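Commentary on secondary and tertiary structure
What follows is the residue order along each chain.
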Amino acid sequence: MNPPLRLALFAVLLSFSSLWSACEVPAPLVPGEPVDTPPTGACQVDQDCPDPGLFFCDTVTSRCLAACRTQEDCTAAKRGEHRISECDGNALGCRCDSSRCVVAQCSADAECAASGQVCRNGRCGAAPEASTVTACRVTPDFVVGREGTLARFSVLAMDAAGRAVVVPSGAAWTALDGSVALEGSGTGVESAFVLSAATEGPRESVRARVGGAACTARVSVLEAAVAPGKLRAVVKDELTGRPLAGAVVVVADGQGAVTATATTDASGVVALTAPSEAGSVSVFHEDFGYLTVAHEGAGGPMDLALPLRRNPADRYGGYKGTFRNMSTSQDMHAGLAGLSAPDAVTEVSASLLAGPERRVAFTMGGQAREATLPAGAYVVLPGSTLNATDVSAQGLAGVCGTAPGDFESAEAAMAAGACGTRTAWALGGDIPLNALPLVSGGAVDVGQLLAQTIPLLRTFSSSVVRDVEYRLKETPETETGAPDFRDQTHFTAVDHDFQAEQRLGLGFQFAVRVPALPSYRGYMDSAAVLGAVRVPGRGVVPLGLGMGVNTTPADHTTDTQAGLPGPGLVSVRMAPAHHGLEGSPYELMITASSSTASEDATAGAASSVLIHRTLQKLPFDPKGGTPVVVGGPFLPVPEGARYNYNNREGGGLEGRQLRFIGAPELPAATVLRAVFTNRAERRWVVLMDVARAAGGVRLPVPPEGFEDRTYFGDTVGSRSPMGMQALVARRTGTSAGAAMNLHGLVEADGVDLEHLGEARGGLVGAGLRASAGDVDGASGGRPERGARLEGEGARPGLPGGQRPLG
């Protein structure tokens, strides 16, 4: 997970860390939450309870609560007449969590198979009937691919009220014409089809049937053969799969000189004269991020799939609402809401992720106070005037099933980038006051504070609404030219209801063994673990978090956490997949990061990410006896990249050349990814093989009418900040997990950049996962100063507009 989201998740807690004081809150009887069925009334001490060995007195509520030291203490055999009916009535019984008996949760159907049941919303129960399904949606619902390649599809199902339904048997899949051929049994939540015959444009070729509902996907199949001497490029909208007409594709030689230019047709396809020498292939579209791919000329692929991501800040929209039925205790009530991230979280806009900040003024103890909160933060502090209950979250343009009011069809809205569908999520609960040390001023060790926050998550619950459609409208600007996201009248209304039957506690606590932390100007000083599920067509949905720090001593291992047996272990709190997310693959995204950038103006923000995807179910192991082992190593930060913003030679670089000074020490990486971002958050992404790092690539001058996004776009000609990422992509289904180079990611063979976020793979440094394989990476870089971006400007004495990284 990228650092902005990790920090946003707990920005609300950090804002009020100086206000907390201790107390406990009784929780409703739901899986993963404490049970307390005391046979007596009030108490003042443990001895007032029937059996101090089985109960303790909560002195805040004056109630006897079920206590335990081991799981056996929660069983009827041990408790006798004080047996807990909620434990007896649960198929999985109860478990001992933080010295309290809690109703055990399930996290996968396999845990309920012995009783012939399935796992839904953390409980074992009867499988939903297919007859309850009244609507479904195939994802992706539009595919453009080459004849002979494989396309994978998933299905999402809904009942008459629009609620998510997960039917164990999944769907019955059918090929509707001869352009595709079903591979496999044709049943299940997922299915694969071979694109077997070329078509004239898209057809409804794939159908899924769940109960009485049927849904389809359109497929456009291109001929396998590319004309001799030609290079074919297929340009698509990455988040809808639709072809992009009017995109300008440019072939350039090794000097950056343009050798061929053409514009995509209605099918998103263009054919150009094939390059004869090493150079690059670039795609330009005003409404989308630019993409440049280093190409090896005659030795490179001649059939390319080049998906583009729409400009993230040109339009905005999402959902707004509040948290309903939160506790009425005297503790602080807090939480954070958001929208699921698209699969390629390397592309997520930081401003869209956190939304507009809001400054909240309040009084407490007769003193005036102020805090800055992200748009998704919910905070209510009894005994003060603090009452920040409205939350909102923004999402990117994508697919939708219904047309927004000012569009004649959903297809027209998708073509304009005016709608999207994601999953609304929230984590919320009570914060025991005095649970963290007071913050009285001076520097705050954010990592240490977050690490101490994780135990508090046992009081938190998760809420999700799987299918939220929203409208996006053109983003206005403030007087300073900044995007103005304040008007939310067009946002979809969604509330998170924290009643017992509509939420799920973070009932799984376990330890993750983090690989040795990489170095960057010393040792990286923190490791964050995001627990999530990846839902086809919806993206990554956060369900929990863990945090470790590396300060005592500062070395390659996270510090020993309370309750765990040694260093290198990070405690995680997480809810299982629930309310329509069941069956989606679990993943842990482990981000090692450094605070050096906040302490040293010459340093860049550096991070390295691993994605662990082999969790079939969640463990409950609070003492870390059998930790989840994450394969490593982390990739090193790619230091030493340089780019010459000028057309003329300077500083050892040719005009508009991007390369590394000296070969980077990246033994496992396969692909390098540079990202320029201008003042309007419009990007230019450059991809090249690690083997080409020293020679680099020269960027072509954009075609007439297109802005040069390597420049910031202000009146003084500032340069855009540039970040650099190193990635490794591994193809699944091979015994050795063979690594893919850039050609393997851009060739139109069904395993390409568009699919990196699907069920079996990922990107890192900002995280993503793909059917192609696992991707691990690291990112680093120092931004230039721009009109509205904080950072350091070009260093004096570097000629030719050269800007250093790392």
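Described in the following lines is the structure provided in the data block. (Residues numbered from 1 in each chain as written. Predicted model: local features only at pLDDT ≥ 70, side-chain atom pairs only at ≥ 80, totals over all residues. Heavy atoms only, no water.)

1. A short note on the overall build of the protein
Rules: The numbering of helices and of strands both runs from the N terminus, where a helix is a DSSP run of H or I of at least 4 residues and a strand a run of E of at least 2. Using a 1.4 Å probe on the protein chains alone, a residue whose accessible area is under 20% of its type maximum counts as buried, one over 50% counts as exposed, and one in between counts as partly exposed. Residues are treated as being in contact if the distance between any of their heavy atoms lies within 4.5 Å. Computed with the Shrake-Rupley method and a 1.4 Å probe, the accessible areas treat only the protein chains shown as cover for residues.
In terms of helices and strands, the protein carries nine helices and 53 strands. When the 806 residues of the protein are sorted by exposure, 58% land in the buried category. In the protein, of all internal contacts separated by at least 6 residues, the share reaching a separation of at least 24 is 67%. Roughly 29900 Å² of accessible area belongs to the protein as shown, and the carbon and sulfur atoms make up 50% of that amount.

2. Regarding the pairing of strand S33 (residues 460-471)
The side chains of a regular strand alternate between the sheet's two faces. Selection criterion: Think of it this way: DSSP has to see at least two bridges between two strands before they count as a pair.
Pairing geometry for strand S32 (residues 419-431) and S33, over ten bridges, is antiparallel. Paired with threonine 421 across the strands is glutamate 469, a residue of S33. As defined by bridge partners, S33 adjoins strand S37 (residues 504-505) across two bridges and the pair is classed as antiparallel. Looking at the pairing, serine 462 lines up with leucine 504 of S37.

3. Considering the packing of aromatic side chains
Between two aromatic rings, the relevant description is the distance of the centres plus the angle of the planes. Basically, it comes down to this: Aromatic contacts are taken between Phe, Tyr and Trp rings whose centres are within 6.5 Å, Trp giving its six-membered ring; a plane angle under 30 degrees counts as stacked, one over 60 as edge-to-face, and the others as tilted.
As enumerated under the stated definition, the model contains 15 aromatic pairs in all. A centroid spacing of 6.2 Å and a plane angle of 75° characterise the contact between tyrosine 290 and phenylalanine 706, whose relative ring orientation is edge-to-face. On the criterion of sequence distance, the pair formed by tyrosine 290 in strand S22 (residues 290-295) and phenylalanine 706 in the loop between strand S49 (697-698) and strand S50 (722-730) is long-range, its members being 416 residues apart. Judged by relative accessible area, tyrosine 290 falls into the buried class, the value being 2%. In textbook terms, an aromatic cluster arises when at least three aromatic residues are bridged by ring pairs, as seen for Phe284, Tyr290, Trp684 and Phe706.

4. Concerning the side chain of serine 584
To be explicit about the condition: Each polar contact in these results corresponds to two N or O atoms within 3.5 Å; when the atoms are within protein, one needs to be able to donate a hydrogen and the other to accept it, and residues that are neighboring in sequence are counted only if both atoms are side-chain atoms.
Inspection of the secondary structure assignment puts serine 584 in the loop between strand S41 (569-574) and strand S42 (586-593). Here the side chain of serine 584 touches leucine 581 through a polar contact of 3.0 Å, landing on its backbone oxygen. With residues near it in sequence (within four places) discarded, serine 584 still touches Val533, Arg534, Val535 and Pro536.

5. Focus: the sheet that holds strand S23 (residues 303-308)
We apply this condition: Angles here are taken between N-to-C directions and fall from 0 to 180 degrees, while the axes themselves are lines fitted to C-alpha atoms, restricted in helices to the stretch in contact.
The strand order across the open sheet formed by three strands is S20-S17-S23, and the pairing between neighbours is mixed. Each edge of the open sheet is held by one strand with a lone partner, namely strand S20 (269-273) and S23. Adjacent strand axes in the sheet meet at a mean angle of 25°, parallel and antiparallel pairs treated alike. Pairing of strand S17 (residues 230-237) with S20 involves five bridges; the strand directions are antiparallel. Within S20, the position partnered with leucine 231 by the bridge is leucine 272.

6. Considering the state of the cysteines
As used here, a disulfide is simply a covalent bond connecting the sulfur atoms of two cysteines. For clarity, the cut-off: Cysteine sulfur pairs qualify as disulfides if the two atoms are within 2.5 Å.
This structure, assessed with the given rule, holds nine disulfides. Between cysteine 68 and cysteine 96 runs a disulfide, and the two sulfur atoms are separated by 2.1 Å. Here the disulfide of cysteine 68 and cysteine 96 is right-handed, its torsion about the S-S bond being about 95°. Taken together, the residues span a long stretch of sequence, with cysteine 68 in the loop between strand S2 (63-66) and helix H3 (76-79) and cysteine 96 in strand S3 (residues 94-97) at a distance of 28 residues. The same class applies to cysteine 68 and to cysteine 96, which are both buried. There is a disulfide in this structure between cysteine 136 and cysteine 215, and the S-S distance comes to 2.2 Å. A torsion of -120° about the S-S bond marks the disulfide between cysteine 136 and cysteine 215 as left-handed. Taken together, the residues span a long stretch of sequence, with cysteine 136 in strand S7 (residues 135-139) and cysteine 215 in strand S16 (residues 213-222) at a distance of 79 residues. Overall, cysteine 136 belongs to the buried group, its relative accessible area being 13%. Classification of cysteine 215 as buried rests on a relative accessible area of 7%.

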